[in-house]
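# Topology and contacts: notes
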Amino acid sequence: MVSAPLAAVRSGAPAKERLRLWIRILRASRLVEAVLRERLKARFNTTLPRFDVLSVLDRAPEGMAMSDISRFLLVSNGNVTGIVERLVTDGLACRTKRDGDRRTSIIKLTPAGKEAFAAMAEAHERWINELLGNLPEEEARALAGTLKTFESNWEGGV
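Residues numbered from 1 in each chain as written. Predicted model: local features only at pLDDT ≥ 70, side-chain atom pairs only at ≥ 80, totals over all residues. Heavy atoms only, no water.

### Considerations on the overall build of the chain
Where we set the bar: Think of it this way: any DSSP run of H or I at least four residues long counts as a helix, any run of E at least two long counts as a strand, and we number them from the N terminus. Three exposure classes are used, based on accessible area relative to the maximum for each residue type with a 1.4 Å probe and protein chains only: buried under 20%, partly exposed in between, and exposed over 50%. The protein chains shown are the only cover counted for residues, whose accessible areas, like all others here, come from Shrake-Rupley with a 1.4 Å probe.
Of regular secondary structure, the chain possesses 7 helices and 3 strands. Helices and strands in the chain line up, N terminus first, as α-α-α-β-α-α-β-β-α-α. Out of the 158 residues belonging to the chain, those deemed buried represent 24%. Summed over all atoms, the accessible surface of the chain reaches about 11,400 Å², with 56% contributed by carbon and sulfur.

Pasting the structure below:
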């Protein structure tokens, strides 16, 4: 005997639409990401992962531990470590020790890092507006709300 949820998936109706939705979301994400990668490289000689780390640090003026950056970006500590090393070397970020814990480094943007990120963020916002400009504001808001609900339903569960 086939369970009800499995029977619904096998019938294909709602499952096919959800699969189509997933493919459209993934395709849109990859297309936008490819353009952003290209533009960040051409305009700022930087990468999207580096931009992402700068963005996270910009939201936390008090700084963040490496593990918190990794958790926020949903990537491994190893991925973040190399990026942070280069940001520190380039003078865009600095390391300080957490009070009472000499093992934990807190990463903060330097004034140069804040300035560099501000220029990148401004361009990034323009590029996103350009790339998604055909989507009316009301539809963008509704879609963002729907995706936020989806995110909330899955946080921590997978």
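### Some thoughts on the pattern of salt bridges
Put simply, the test is: What makes a salt bridge here is a side-chain nitrogen of Lys or Arg within 4 Å of a carboxyl oxygen of Asp or Glu, nothing more.
Inspection of the entire model under this criterion finds 8 salt bridges. The residue Asp90 makes a salt bridge to Arg50 at a minimum N-O spacing of 2.9 Å. You can see Asp90 sitting in the loop between α5 (77-89) and β2 (93-98) and its partner Arg50 sitting in helix α3 (residues 48-58), a full 40 residues away along the chain. What makes Arg50 buried here is its relative accessible area of 14%. With its nearest N and O atoms 3.4 Å apart, the salt bridge here joins Arg126 to Glu122. Taken as a pair, Arg126 and Glu122 lie in helix α6 (residues 111-131) at a separation of 4 residues, close to a single helical turn.

### Quick notes on a nonpolar patch on the surface
Put simply, the test is: Patch construction takes residues with relative accessible area above 30% that form no salt bridge. Like charges are linked within 9 Å, and nonpolar side chains (Val, Leu, Ile, Met, Phe, Trp, Tyr) are linked within 5 Å.
The grouping of Leu19, Leu21, Trp22, Ile23, Ile25, Leu135, Leu143 and Leu147 at the surface amounts to a nonpolar patch, some 710 Å² of accessible area in total. For the nonpolar patch, the element with the highest residue contribution is helix α2 (residues 13-44), accounting for 5 residues. Mapped onto the elements, Leu147 comes out in helix α7 (residues 137-154).

### Re the packing of α3 against helix α4 (residues 66-73)
Heads up, the rule is: Every angle, taken between N-to-C directions, lies between 0 and 180 degrees, and every axis is a line fitted to C-alpha atoms, over only the stretch in contact when it is a helix. Note on terminology: angles under 35 degrees are roughly parallel, angles over 145 are roughly antiparallel, angles of 65 to 115 are roughly perpendicular, and the others are oblique. Each helix crossing is assigned a hand: it is left-handed if the near helix lies turned anticlockwise from the far helix by less than a right angle, otherwise right-handed if that turn is clockwise. Note on contacts: a residue pair qualifies if any of its non-hydrogen atoms lie within 4.5 Å across the two residues. Residues were grouped as follows: Ala, Val, Leu, Ile, Met, Phe, Trp, Tyr, Cys and Pro as nonpolar; Asp, Glu, Lys and Arg as charged; and all remaining residues, including Gly, as polar.
Where α3 contacts α4, the axes come no closer than 10 Å and their chain directions differ by 115°. Overall, the two elements α3 and α4 adopt an arrangement that is roughly perpendicular. Crossing hand, α3 versus α4: right-handed. Listed contacts from α4 to Asp52, Val53, Val56 and Leu57 of α3 are Ile69, Phe72 and Leu73. A class-by-class count of the residues in the contact of α3 with α4 yields 6 nonpolar, no polar and 1 charged.

### As for unusual backbone geometry
Leaving glycine aside, a negative phi is the common case for residues, and trans is the common case for peptide bonds. Here Asn45, not a glycine, exhibits a phi torsion of approximately 50°, which is positive. Relative to the helices and strands, Asn45 is located in the loop between α2 and α3. Residue Leu74 is not a glycine yet carries a positive backbone phi of 60°. Judged by relative accessible area, which is 76%, Leu74 ranks as exposed.

### Examining the nonpolar core
Using the following cut-off: Nonpolar cores were defined as sets of buried Ala, Val, Leu, Ile, Met, Phe, Trp, Tyr and Cys residues, with membership established by side-chain atoms within 4.5 Å.
In this structure, Val53, Leu57, Ile69, Leu87 and Ile107 are the most contacted members of the largest nonpolar core, which totals 25 residues. Of all the elements in the fold, those that place two or more residues in this core are α2, α3, α4, α5, β3 (101-109) and α6. Among the elements that line this core, the one with the most residues is α3, at 6 residues. Among all residues touching Val53, those that are not within four sequence positions of it are Ile69, Leu73, Ile83, Val84 and Leu87.

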